[in-house]
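Inside the fold
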Amino acid sequence: MLKKSISYIIKKITGRNYQVDSHLNVSDILIILNGKLWCLLRGFSMKLFLGSSKGLLFVGRGCKIRHKSHIYFGKTINIGDNVEINALSKEGVKIGNNVSILRNTIIECTGVIRSMGLGIVIGNNVGIAQNCFIQVRGRVVIGDDVIFGPGVSVFSENHNFSDPDKPIRDQGETRVGVIIEVGAWVGSGATILDGVTIGRHSIIATGSVVNKDVPPFSIVGGVPAKFIKSINKTDN
C-alpha cells in the first residue's frame with residue numbers, strides 16, 4: 001500500500017508514470033522519505049531568496065547556492081548534496097520541470113566580475129549525475145530529456161593564444177556557447193568544448209572530447225570525438 005501511494009504521489013508531481021521498485025522494504029522507504037523531508041525543508045527556506053520557483057524544491061546537505069535572485073526554477077527540482085551553483089550572470093540560471101542535479105556538481109556562471117557569464121537554460125526532465133562541471137561564460141542551453149553521466153564537463157569559453165609574446169590571460173577570450181538538444185545522452189567523463197552543438201537524440205560515448213558539432217541521431221566517441229554511426233529506429 002505504501003509503495004502504491006508513493007508511486008501515485010510521484011506520478012502526480014512529475015506528470016510521468018512511476019513505479020517504486022518492489023524490492024524496497026518499508027524500512028528502506030522510511031529512510032528515503034525522512035531524507036526527502038529534510039531536503040524539502042531546506043528547499044522551502046531557499047525559495048524565499050530565489051528569482052522564482054514554481055513548485056517543490058528539494059535541496060541536499062552542504063549546498064552552496066550563490067546569487068539566488070538570478071535563479072528561476074520550474075516544478076520539482078532535486079539538488080543533491082554539496083552541489084554548487086554560482087548564478088551570477090547576465091541572463092541568470094533558468095531550469096525547467098522535473099530536473100535532478102546530483103551530488104558534487106558545479107554550475108559556475110561567472111569566474112571574474114570583469115566579465116560576467118551570459119547564462120544557462122536547462123529544459124524539462126533533465127538528469128545531471130554526480131560530479132559534473134558546467135562552465136557558463138557563453139550561453140549554455142540544455143534541452144528537454146537530456147541525460148548527463150557522472151563527471152561530464154561543459155566549457156563555453158576559449159582563451160585566445162595567437163600572440164606568443166603575450167601571456168594567454170592578456171589575450172582575451174571567445175564565448176560562442178554550447179547547445180545540447182532534446183534527448184541527448186552524454187556519457188560519463190565526456191567533455192564538451194565551446195562552440196559545440198550536440199544534435200537531438202545523439203549519444204556521446206564515455207570519456208569523449210567533443211570539439212565540433214554532432215549531427216542529430218548520431219553516436220560519437222573518442223578524443224577528439226568522431227562519428228561512429230547513426231541511430232536508427234531499429235536501434236531503439
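Everything in this summary refers to the structure shown in the same document. (Residues numbered from 1 in each chain as written. Predicted model: local features only at pLDDT ≥ 70, side-chain atom pairs only at ≥ 80, totals over all residues. Heavy atoms only, no water.)

Right, let's get into the pairing of strand S24 (residues 218–221). The two faces of S24 match: Ser218 and Val220 on one face and Ile219 and Gly221 on the other face are all buried. When strand S22 (residues 203–204) meets S24, the two strands line up parallel, connected through two bridges. Note on S24: the bridge partner recorded for Ile203 is Ile219. Relative to strand S25 (residues 226–230), S24 runs antiparallel, the two being bridged by four bridges. Following the sheet pairing, Ile219 is matched in S25 by Lys229. Between S24 and S25, which follow one another and run antiparallel, lie four residues, and Gly222 among them has a positive phi close to 110°. (Buried < 20%, exposed > 50% of the residue type's maximum accessible area, 1.4 Å probe, protein only. Helix = DSSP H or I, 4+ residues; strand = E, 2+ residues; numbered from the N terminus. Pairing = 2+ DSSP bridges.)

One open sheet accounts for seven strands, arranged S1-S4-S7-S10-S13-S18-S21; its pairing is parallel. Pairing within the sheet leaves two strands with one partner each, and these edge strands are strand S1 (52–53) and strand S21 (197–198). Sheet topology places strand S10 (residues 120–122) next to strand S13 (residues 140–142); three bridges connect them, and they run parallel. By the bridge assignment, Ile122 is partnered in S13 with Ile142.

Structurally, the position occupied by Asp170 is in the loop between strand S16 (158–159) and strand S17 (173–174). Under the relative-accessibility criterion, Asp170 is labelled partly exposed at 47%.

As a further point, take helix H2 (residues 26–47). If you check H2, its first and last C-alpha atoms are 31 Å apart, about what 22 residues at 1.5 Å a residue would give, namely 32 Å. Burial in H2 covers these residues: Ile29, Cys39, Leu40, Gly43 and Met46. Taken down its axis, H2 places every buried residue within 110° of arc, on the same side. In H2, the exposed positions angled more than 90 degrees off the buried face are occupied by Val26 and Ile31. Where H2 begins, one side-chain oxygen reaches toward the backbone nitrogen of Ser27, 3.1 Å away; that side chain belongs to Asn25. (Expected span 1.5 Å × (residues − 1). Arc of directions from axis to C-beta. Polar contact = N/O pair within 3.5 Å; in protein donor to acceptor, adjacent residues only side chain to side chain.)

Below, the discussion takes up the layout of surface pockets. Over the atoms a probe the size of a water molecule is rolled, and this reveals where empty space is left. Of the pockets and cavities examined, the second largest pocket occupies roughly 280 Å³. Around the second largest pocket, the lining is made up of 14 residues, and of these Lys36, Cys39, Ile79, Gly80 and Asp81 lie nearest the centre. Where the lining of the second largest pocket is concerned, the elements lending two or more residues are H2 and strand S5 (77–79). When residues of the lining of the second largest pocket are assigned to their parent elements, the largest contribution, four residues, is made by H2. Here the lining of the second largest pocket is composed, by residue class, of five nonpolar, six polar and three charged. (1 Å grid on protein atoms, 1.4 Å probe; cavity = no way out; pocket = protein on both sides within 12 Å on 5 of 7 lines; lining within 4 Å. Points joined across faces, edges and corners; volume = space filled by probe spheres on them. Nonpolar A, V, L, I, M, F, W, Y, C, P; charged D, E, K, R; others polar.)

This paragraph deals with unusual backbone geometry. Between Val223 and Pro224 the backbone carries a cis peptide bond, its omega angle lying at -5°. For Thr76, which is not glycine, the phi torsion reads 60° and is therefore positive. By the element assignment, Thr76 lies in the loop between strand S4 (71–73) and S5.

Note that side chains of opposite charge can pair when their charged atoms are close. For the coordinates displayed, the defined rule picks out five salt bridges. Across the pair Glu91 and Arg139 runs a salt bridge, and its minimum N-O distance is 2.6 Å. Within this pair, whereas Glu91 is found in the loop between strand S6 (84–86) and strand S7 (93–95), its partner Arg139 is found in the loop between strand S12 (133–135) and S13, the two being separated by 48 residues in sequence. Its relative accessible area of 29% is what places Glu91 among the partly exposed residues. Look at Arg139 and you get partly exposed, because its relative accessible area is 36%. (Salt bridge = Lys/Arg side-chain N within 4 Å of Asp/Glu carboxyl O.)

What follows concerns the sheet that holds S25. Spatially, the nine strands line up as an open sheet ordered S2-S5-S8-S11-S14-S19-S22-S24-S25, and their pairing is mixed. Across the chains shown, the open sheet's two edge strands, defined by having one partner strand only, are strand S2 (57–59) and S25. In terms of strand pairing, strand S11 (residues 127–128) meets strand S14 (residues 147–148) through two bridges, oriented parallel. In the strand pairing of S14, Ile128 is matched with Phe148.

Honestly, that's just the spatial picture; any functional story needs more than this.
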